[in-house]
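Structural characterization, general
Each chain is listed here by its residues.
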Amino acid sequence: MHAHSMRPRRDSDRGRSNKYNNEAESSNTDRHRAERLTSSLSAIKVGFVSMAGQSRKWMILVATIWIQAFTGTNFDFSTYSSRFKTVLGISQVQLNYLAVASDFGKVFGWSSGLALLYFPLWAVLFMAAFMGFFGYFLQWLVIRNVITLPYILVAFLCLSAGCSICWFNTVCFVLCIKNFPANRALALSLTVSFNGVSAALYALVGNAIDPSSKELYLLLNALIPLIISIISLLPILRQPSLGPLSPDGVRRDSVIFIIFNIIAILTGIYLLLFGSNLSNVVRARPLLVGAMLLLIFPLCIPGVVYARDWFHRTLHNSFRLEGSHFNLVDVDDLELHKELLTREAGNEEYEDGLLDGIRVNINKEGCCESVVGKDKLAMLGQEHPASVVVRRLDFWLYYTAYFCGGTIGLVYSNNLGQIAQSLGQSSNTTTLLTLYSSFSFFGRLLSAVPDYIRTKVYFARTAWLTIALVPTPVAFFLLAASTSELSLNIGTALVGLSSGFIFAAAVSITSELFGPNSVGVNHNILITNIPIGSLVYGLLAAVVYDANATSGLDMNTDTVICMGKNCYLLTFIWWACLSVVGLASSLLLFLRTKHAYDQFEKKRVTASLY
């Protein structure tokens, strides 16, 4: 009886225990659910904050694109140069000195880096804008006969305006390097490319306002960069603090870069087709609106991509950029390459040298072998101070290639106004300038192609430089052989394509050959060839022009003008021969650096397998 009475009590206790256990399990489940919900909400918050920060860096990139697109103001010099010559009553040689003064501003490009040591980035941006405003606005007043200035002061205004362009470039370079460390080369290539469309954009704006006014370009050169600086101020002031990107983040950024490059190509084609030859203001204005929309449209791309990535985690799988497609250069490649080379230095054919890097031991005889092998570069990315750079043969080969390639193209664009006038095609000056500007833009975009196709077609970047120089002598020999409108258009397009590639690729080549940390100083040393070349080549062209200027006078100003093929025939022949010298220098540079590039690529591929 006692045992029987105890069994229900134990069953009751077990029931109460199960009830308590169920309630505890339910409580634990609810707590876990609340914790997961809190964790999810926290992750969503962090994700949105990170997405917002990453989106802001793309706003900065778009701002740098706008700055570059409207600050290549030296490219439209040919549009108003003939008018300048008439108003000032100067010779072709004196006009050339004004172009040289503008290019000479690049010699003072180092001052922008010095300013960044003491002033914030936005202040340096506005210093550049006010230098340009000061230089171009006073030139506009001179050309409008509102004020009169002596020739030497006009030259100083040209120098101030030219210096402002270097300051703008420095601001854009710093923004790209700071916000895109993993895709620095792509960001620089894209933004520098838009500097090439400045002339086409200004031609479109000028046609939309007053197609008959040449001096209008000076006013636009003064005002538009200042306006763009004000518009770009907000994203620059709100720069995000970014951490290192994950592999998925790098791939996602690569997708956005591809889309940006596609939009850039469409913009270049649009400006090439509609950027000039529009004397009808009614037609030009809608086309200007279309160009502005193409420049604004990239603002929408990052938000769409990041939103899709957030809500659809499989986005990166459908845009995977690896394997058999292409592989973008990571910012740490050079450091990794240095480390691997250091580990295997004992097994390689080169050994440590002095400050200027690692030298190759070559025990061969012969002149050519000595030139190619002596003191040649064996490792990319090693830092070279300026004192060592100027003692390297590689640097002077590179300097000569740039001097006899890209610089000649720039001087050619400065003379386009007089070239068209001498051939009786003054009405086509704006068309030629747009053609040069657009193809310079495409050349700059092409400078990024080696990074996209390196897994399929790999060449050293110095080899691409050699290939890019080939169109220049071809163009000048064509211009010397024929004076037809078709030849002039083809020659202008080829020169623009070649020089554009060189201008954009130069920063990356300087970084690879002489060190990324020293690129600011070393690249400024390199581009001293621009004012020197502007003086030498421009003076050559001006002397030949004035020597053949027997065709007539401008009855209003008594300015001597030259008409006919002979005005630039000898100049084209000289430029063609000099560009062949530049091509030979770049080929020799490629042969001397091929080993270093091959070793770099070998180590990069090996590292990617582990």
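Everything numeric here is computed off the predicted structure, so don't read it as measured data. (Residues numbered from 1 in each chain as written. Predicted model: local features only at pLDDT ≥ 70, side-chain atom pairs only at ≥ 80, totals over all residues. Heavy atoms only, no water.)

**Here we look at the overall build of the protein chain**
- Tallying secondary structure elements over the protein chain gives 28 helices and 4 strands in all.
- Expressed as a percentage of the 610 residues in the protein chain, the buried residues total 52%.
- Taking the contacts inside the protein chain whose residues are at least 6 apart along the sequence as the reference set, 84% of them involve residues at least 24 apart.
- By element, 65% of the accessible surface of the protein chain is carried by carbon and sulfur atoms, the whole surface being about 27,000 Å². (Helix = DSSP H or I, 4+ residues; strand = E, 2+ residues; numbered from the N terminus. Buried < 20%, exposed > 50% of the residue type's maximum accessible area, 1.4 Å probe, protein only. Contact = heavy atoms within 4.5 Å. Areas by Shrake-Rupley, 256 points an atom, 1.4 Å probe, with all protein chains shown as cover.)

**Some details on the side chain of T571**
- Structurally, T571 can be placed in helix α28 (residues 566–608).
- Apart from residues lying up to four places away in sequence, T571 is in contact with L540, A541 and V544.

**Observations concerning helix α21 (residues 429–446)**
- Counted at 1.5 Å a residue, the expected span for α21 with its 18 residues is 26 Å, and the 26 Å between its end C-alpha atoms agrees.
- With 15 of its 18 residues buried, α21 lies for the most part within the structure. (Expected span 1.5 Å × (residues − 1).)

**A few points about the nonpolar core**
- In this structure, L61, L190, F194, F257 and F260 are the most contacted members of the largest nonpolar core, which totals 85 residues.
- The leading source of residues in this core is helix α6 (residues 151–179), at 12 residues.
- Apart from residues lying up to four places away in sequence, F257 is in contact with W58, L61, F180, N183, L186, A187, L190 and Y452.
- Formed by 61 residues, the second largest nonpolar core is a distinct cluster that contains A420, L465, L479 and F503. (Core = buried A, V, L, I, M, F, W, Y, C linked by side-chain atoms within 4.5 Å.)

**Quick notes on unusual backbone geometry**
- Here N145, not a glycine, exhibits a phi torsion of approximately 65 degrees, which is positive.
- Turning to its location among the elements, N145 is positioned in the loop between α5 (121–143) and α6.
- The exposed category is assigned to N145, whose relative accessible area is 57%.

**Side note on the side chain of S585**
- Take S585: it is sitting in helix α28.
- Those residues within four positions of S585 in sequence are excluded, and the remaining contacts are L397, T400 and A401.

**Structural notes on helix α7 (residues 184–194)**
- Of all the 11 residues making up α7, 9 are buried; the element is thus mostly covered by neighbouring parts of the structure.
- Of the positions making up α7, those classed as buried are L186, A187, L188, S189, L190, T191, V192, S193 and F194.

**A few points about a nonpolar patch on the surface**
- Among the surface-exposed residues, F104, F108, W110, L114, L117, Y118 and F119 lie close enough to one another that they form a single nonpolar patch of about 780 Å² accessible area.
- On the accessibility criterion, L117 (64% relative accessible area) is exposed. (Patch = residues over 30% accessible without salt bridge, like charges linked within 9 Å, V, L, I, M, F, W, Y side chains within 5 Å. Salt bridge = Lys/Arg side-chain N within 4 Å of Asp/Glu carboxyl O.)

**Section: the environment of A222**
- Considering the arrangement of structural elements, one finds A222 in helix α9 (residues 216–231).
- The spacing of A222 and G135 is 87 residues in sequence and 7.5 Å in space, taken between C-alpha atoms.
- Once you skip the residues sitting within four places of it in the chain, A222 turns out to touch G132, F133, Y136 and F137.

**Comments concerning the packing of helix α19 (residues 406–414) against helix α25 (residues 485–514)**
- Between α19 and α25, whose axes approach to 8 Å, the crossing angle comes to 135 degrees. Accordingly, the angle class assigned to the pair α19 and α25 is oblique. Handedness of the crossing formed by α19 with α25: left-handed. For the pair formed by α19 and α25, the contact residues are G406, G409, L410 and Y412 on the first element and L488, T492, V495, S499, I502 and F503 on the second.
- Class assignment for the residues of the contact of α19 with α25 results in 6 nonpolar, 4 polar and no charged. (Axes fitted to C-alpha atoms, helices over the stretch in contact; angles between N-to-C directions. Parallel < 35°, antiparallel > 145°, perpendicular 65-115°, else oblique. Left-handed = near helix turned anticlockwise from the far one by under 90°. Nonpolar A, V, L, I, M, F, W, Y, C, P; charged D, E, K, R; others polar.)

**Digging into the state of the cysteines**
- Applying the stated criterion across every chain yields a total of 1 disulfide.
- Two residues, C562 and C567, share a disulfide whose sulfurs are 1.9 Å apart. On the sign convention where negative means left-handed, the S-S torsion of about -95 degrees between C562 and C567 marks this disulfide as left-handed.
- By relative accessible area, C567 is classed as buried at 0%. (Disulfide = S-S within 2.5 Å.)

**What to know about the packing of aromatic side chains**
- Throughout the structure, instances matching the rule amount to 25 aromatic pairs.
- Each ring, one from Y80 and one from F84, has its centre 6.2 Å from the other, and the planes form 55 degrees; the classification is tilted. Taken as a pair, Y80 and F84 lie in helix α2 (residues 77–88) at a separation of 4 residues, close to a single helical turn. Both residues of the pair, Y80 and F84, count as buried.
- In this structure an aromatic cluster arises from ring pairing among Y412, F476, Y545, Y568, F572 and W575. (Phe/Tyr/Trp six-rings, centres within 6.5 Å; stacked < 30°, edge-to-face > 60°.)

**A few points about the pattern of salt bridges**
- Taken as a whole and judged by the stated rule, the model has 6 salt bridges.
- A salt bridge links D598 to K594; its shortest N-O distance comes to 2.9 Å. With D598 and K594 both in helix α28, this residue pair falls 4 residues apart, about one helical turn.
- In this structure D598 comes out as partly exposed when scored by relative accessible area, which is 31%.
- Several salt bridges share partner residues, and in doing so they unite R83, R144 and E215 into one network.

**Some details on the environment of N183**
- Its location among the elements puts N183 in the loop between α6 and α7.
- Considering only alpha carbons, one finds N183 and F257, 74 residues apart in sequence, at a separation of 9.0 Å.

**Brief notes about the confidence of the model for the protein chain**
- Summarising the model, the protein chain shows a mean pLDDT of 77, and 73% of its residues fall at 70 or more.
- No element of the protein chain has a lower mean pLDDT than strand β1 (residues 350–352), which averages 38, and none a higher one than helix α24 (residues 471–481), which averages 94.
- In the model, residues 1–6 has pLDDT below 50 throughout and makes 0 contacts with residues more than four positions away in sequence or in other chains.
- Low confidence marks residues 314–368, where pLDDT is under 50. Its contacts with residues over four positions away, or in another chain, come to 102 contacts. (pLDDT = per-residue confidence, 0-100.)

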